[in-house]
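Structural features, examined
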Amino acid sequence: MAELHVELVAADRKVWSGAATIVVARTASGDTGIMPGHTPVLSVLETGPVTIRTVDGGTVIAAVHGGFISFADNKLSLLAEIAELADEIDVARAERALEKAKSDLDAHAERRAEVRLFAARGLKAHA
C-alpha cells in the first residue's frame, strides 16, 4: 500500500506525525485531498478540519486554524497557527464559545468554534 509521511505541527508543538493513505484539508482553493504520488502543493491552510486516514485504517481528525500546507516527495507538512486533535477538544467549552460568538456577532470566532465542534463530533462518528 502506498503511503505518505505526515507532520501536523502547530506554532507551539508537534500535534501528530505518522504514515497516512490520504489527508483532506481546507486550503485557500477549497478542500484538498492529498494521496501518495500527488503533484507538489504549497498553499494556505484555512480554518477547517483536517482528516488523516492512517495506514492501519484509523482516522485522525484535527481542528486547524490558519497556516500552510506543503507536499512534495510523499512528505506532507501541515504548519498551523493553531491545531487541536479531536480528542483534545472540550466539547462543552466549544459549545459555550459558539454561543458567545453568535451573541457577539463574531463570525471569525463562530467559525473557529464550529470547526472545533465538527472535529470533536467527527471523531465520535468515525469511532
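Residues numbered from 1 in each chain as written. Predicted model: local features only at pLDDT ≥ 70, side-chain atom pairs only at ≥ 80, totals over all residues. Heavy atoms only, no water.

If you check the domain split of the chain, you get domain 1 (4–85) and domain 2 (91–125). Taken over C-alpha atoms, the centre of domain 1 sits 21 Å from the centre of domain 2. In this assembly, 11 residues from domain 1 lie in contact with eight residues from domain 2. Counting the surface lost from both domain 1 and domain 2, the interface buries some 760 Å², and carbon and sulfur atoms represent 70% of this. Contact with domain 2 buries surface across domain 1, with Thr 47, Ile 61 and His 65 losing the most and accounting together for 51% of the total. The interface formed by domain 1 and domain 2 contains one salt bridge. Among the ionic pairs, Arg 116 bridges to Glu 84, the shortest N-O distance being 2.7 Å. Mapped onto the side of domain 1 that touches domain 2, the elements with two or more residues apiece are β5 (48–54) and β6 (59–72). (Domains from an automatic or database assignment. Contact = heavy atoms within 4.5 Å. Buried area = accessible area lost by both parts, 1.4 Å probe. Salt bridge = Lys/Arg side-chain N within 4 Å of Asp/Glu carboxyl O. Helix = DSSP H or I, 4+ residues; strand = E, 2+ residues; numbered from the N terminus.)

Glancing now at the environment of Asp 31. Turning to its location among the elements, Asp 31 is positioned in strand β3 (residues 30–34). Asp 31 gets classed as exposed once you look at its relative accessible area, which sits at 51%. When the C-alpha positions of Asp 31 and Lys 102 are compared, they lie 25 Å apart, and in sequence the two are 71 residues distant. Sequence-distant contacts of Asp 31, defined by excluding residues within four places in its chain, comprise Ala 25 and Arg 26. Polar side-chain contacts of Asp 31 include one of 2.6 Å to the side chain of Arg 26. (Buried < 20%, exposed > 50% of the residue type's maximum accessible area, 1.4 Å probe, protein only. Polar contact = N/O pair within 3.5 Å; in protein donor to acceptor, adjacent residues only side chain to side chain.)

In this section: the UniProt feature "coiled-coil region" (unreviewed entry) in the chain. Mapped onto this numbering, the UniProt entry annotates "coiled-coil region" (unreviewed entry) at residues 75–111. The span residues 75–111 shows a helical share of 49% and a strand share of 30%, and its end C-alpha atoms are spaced 29 Å apart. (UniProt positions renumbered as here; feature names shortened; annotations may be inferred.)

What follows deals with a nonpolar patch on the surface. A surface patch of nonpolar side chains, about 280 Å² in accessible area, is lined by Val 44, Phe 68 and Leu 79. By secondary structure assignment, the location of Val 44 is in strand β4 (residues 41–45). (Patch = residues over 30% accessible without salt bridge, like charges linked within 9 Å, V, L, I, M, F, W, Y side chains within 5 Å. Areas by Shrake-Rupley, 256 points an atom, 1.4 Å probe, with all protein chains shown as cover.)

Relative to the assigned elements, Val 15 resides in strand β2 (residues 13–27). The exposure class of Val 15 is buried, given its relative accessible area of 9%. Separated by 67 residues in sequence, Val 15 and Ile 82 have C-alpha atoms that sit 9.7 Å apart. Val 15 has contacts with Leu 8, Val 9, Ala 10, Ala 83 and Leu 85, leaving out every residue within four places of it along the chain.

This part covers the pattern of salt bridges. Opposite charge on two side chains permits pairing when their charged atoms draw close. A complete count under the given rule lists six salt bridges for this structure. In this structure, Asp 31 engages Arg 26 in a salt bridge whose closest nitrogen and oxygen atoms are separated by 2.6 Å.

Turning next to the environment of Ala 62. Here Ala 62 shows up in strand β6. On a C-alpha basis, the gap between Ala 62 and Ala 72 in space is 22 Å, while along the polypeptide they are 10 residues apart. Those residues in contact with Ala 62, other than ones at most four positions away along the chain, are Leu 8, Gly 48, Pro 49, Val 50, Glu 84, Leu 85, Ala 86 and Ala 119.

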